[in-house]
Amino acid sequence: MPLLQQHHLPNSIWGIWKIEENPGELFLQLEHWEEYIPTLNKFQSERRKAEWLAVRVLLKALTGRELIISYRENGAPFLVDDPLNISISHTKGYAAVMLSSQQPVGIDIEYHSERIHRIKSRFLSEADYEETGTFLDTDDLLVFWSAKETAYKMIGLQAVDFQSDLQIIDCDLIRSQGIVGIMENATPENAIFNINFWITPDFVLTYCDKTF
């Protein structure tokens, strides 16, 4: 059972699943088969099936229960018949889940790819560059993209512009672990999120369970 990481925080829990199984092997670890088959039949890719199933297997590993995930109109996941707040993410070879009984949470996982350089203009503003510097390597860009993705999940709105609505106000990229501060301009609250990041040779992970 490749539960790669499991971390208990004061207000939440998160974990990472390393996907080494095929969809059939993951499917056998679940019981509510009738709930999953209609969605699985929509996926053409075996990789996409494995990622979708791995999220549910990881959720079961973290809670000890097989909980059903549904989705709101804005695409945000929620648990059917359970009050826990949930955030999910998956990337090539990994799935991540974060849960909290007290407040919204956000988690994002991204595999290393040079493609991030081609899309940086979509999520970094001039103010971001003033805060972070202009010479950003792949890990830097992945952390900022992932941090903004996590903040987006915390806000819970569908229409959020990553470049104009999410501003980097603080960052620490010297180490493989640290915090990126993100202020959102999409709501009247202008909430600030301290996004934790973790850089590994295989992926970049960001997560947050607090709003300031």
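Please refer to the structure placed before this passage.
A short tour of the structure in this document, coming up. Keep in mind the model is a prediction, meaning the values are calculated, not measured.

Moving on, we come to the sheet that holds strand E5 (residues 85-91). With respect to topology, four strands assemble into an open sheet ordered E1-E2-E6-E5, the strand pairing being antiparallel. Two strands close off the open sheet at either side, each with one partner strand: strand E1 (3-8) and E5. In this sheet, neighbouring strand axes are inclined to one another by 10° on average, regardless of whether the strands run parallel or antiparallel. In this sheet, strand E2 (residues 13-18) lies alongside E1 in antiparallel orientation, the contact comprising five bridges. Of the residues in E2, the one forming a bridge with Leu-3 is Trp-17.

What follows is about the packing of helix H2 (residues 33-40) against helix H3 (residues 46-63). Their axes nearest at 11 Å, the elements H2 and H3 cross at an angle of 150°. On the basis of the axis angle, H2 is roughly antiparallel to H3. Like other packed secondary-structure pairs, H2 and H3 cross with a definite hand, here right-handed. Residues Tyr-36, Thr-39 and Leu-40 of H2 pack against Lys-49, Trp-52, Leu-53 and Arg-56 of H3. Grouping the amino acids of the contact of H2 with H3 by side-chain chemistry returns four nonpolar, one polar and two charged.

For the rest of this paragraph, the subject is the environment of Lys-49. On the secondary structure map, Lys-49 appears in helix H3. For Lys-49 and Met-154, which are 105 residues apart along the polypeptide, the C-alpha to C-alpha distance reads 26 Å. Filtering out sequence-adjacent residues up to four positions away, Lys-49 remains in contact with Pro-23, Leu-40 and Phe-43.

Read from one edge to the other, the open sheet built from five strands follows the order E7-E11-E10-E9-E8, with strand pairing classed as antiparallel. Each edge of the open sheet carries a strand with a single partner, namely strand E7 (106-111) and strand E8 (166-171). Across the sheet, the axes of successive neighbouring strands diverge by a mean angle of 25°, strand direction being ignored. Together, E7, E8, strand E9 (177-184), strand E10 (192-199) and strand E11 (203-208) form the strand contacts of helix H5 (residues 138-155), whose direction differs from that of E7 by roughly 150°.

A side chain of one charge can pair with a side chain of the opposite charge when the charged atoms of the two come close. For the coordinates displayed, the defined rule picks out nine salt bridges. A salt bridge links Asp-172 to Arg-175, with the shortest nitrogen-to-oxygen separation between them at 2.8 Å.

Bridging between E8 and E9 involves five bridges; their strand directions are antiparallel. The partner of Ile-168 across the bridge, within E9, is Ile-182. Hairpin remark: E8 followed by E9, antiparallel, with five residues in the connecting loop. Note: E9 against E10, seven bridges, orientation antiparallel. By the bridge assignment, Gly-178 is partnered in E10 with Phe-197.

Even without a glycine there, the phi angle at Asp-81 is positive, about 60°. With respect to the element layout, Asp-81 can be found in the loop between strand E4 (77-79) and E5. We note that Asn-190 has phi near 45°; this positive angle belongs to a residue other than glycine.

Turning next to H3. Between its terminal C-alpha atoms H3 stretches 26 Å, which fits the 26 Å expected from 18 residues at 1.5 Å a residue. Every buried residue belonging to H3 is among Lys-49, Ala-50, Glu-51, Trp-52, Leu-53, Ala-54, Val-55, Arg-56, Val-57, Leu-58, Leu-59 and Leu-62, and all of these are buried. For H3, the N-terminal capping position is held by Ser-45, with its side-chain oxygen 3.2 Å away from the main-chain nitrogen of Arg-47. Backbone geometry just downstream of H3 places Gly-64 in the positive-phi region, at approximately 80°.

Right, let's talk about the packing of aromatic side chains for a bit. In this structure the tally under the stated criterion is ten aromatic pairs. Plain terms: the ring middles of Tyr-152 and Phe-162 are 5.6 Å apart, the flat faces sit at 50° to each other, and that makes the pair tilted. Placement of the pair is Tyr-152 in helix H5 and Phe-162 in the loop between H5 and E8, with a sequence separation of ten residues. With respect to class, Tyr-152 is no different from Phe-162; both count as buried. In this structure an aromatic cluster arises from ring pairing among Trp-14, Tyr-94, Trp-198, Phe-203 and Tyr-207.

Reading the values: rules and limits
- The numbers attached to residues start from 1 for each chain and follow its sequence in the written order.
- The model is predicted, so local features are restricted to residues of pLDDT at least 70 and side-chain atom pairs to those at 80 or more, both for listing and for counting; the totals for chains, interfaces and linings are taken over all residues.
- Hydrogens and water molecules were not included; the side-chain quantities draw on all heavy atoms of the structure.
- Only strands joined by at least two bridges in the DSSP assignment are considered to pair.
- In DSSP terms, a helix is any run of H or I states spanning at least four residues, a strand is any run of E spanning at least two, and both are numbered starting from the N terminus.
- Lines fitted to C-alpha atoms define the axes here, with helix axes fitted over just the stretch in contact, and angles between the N-to-C directions of these axes take values from 0 to 180 degrees.
- Geometric relationships in this document are graded by angle, where less than 35 degrees denotes roughly parallel, more than 145 denotes roughly antiparallel, 65 to 115 denotes roughly perpendicular, and other angles denote oblique.
- It is the rotation of the near helix from the far one that decides the hand of a crossing: anticlockwise by less than a right angle makes it left-handed, clockwise makes it right-handed.
- What makes two residues a contact is simply this: any of their non-hydrogen atoms within 4.5 Å.
- Polar here means any residue other than Ala, Val, Leu, Ile, Met, Phe, Trp, Tyr, Cys and Pro, which are nonpolar, and Asp, Glu, Lys and Arg, which are charged; Gly is therefore polar.
- Put simply, a salt bridge is a Lys or Arg side-chain nitrogen that is within 4 Å of an Asp or Glu carboxyl oxygen.
- Helix span is expected to be 1.5 Å times the residue number reduced by one.
- Relative accessible area decides the class of each residue, using a 1.4 Å probe on protein chains only: under 20% of the type maximum gives buried, over 50% gives exposed, and in between gives partly exposed.
- For the purposes of these results, a polar contact is taken to be a pair of N or O atoms within 3.5 Å, where, inside protein, one atom must be able to donate a hydrogen and its partner to accept one; residues adjacent in sequence count only when each atom of the pair is a side-chain atom.
- When two rings of Phe, Tyr or Trp (its six-membered ring) have centres within 6.5 Å they constitute a pair, described as stacked for plane angles under 30 degrees, edge-to-face for angles over 60, and tilted for the intermediate range.

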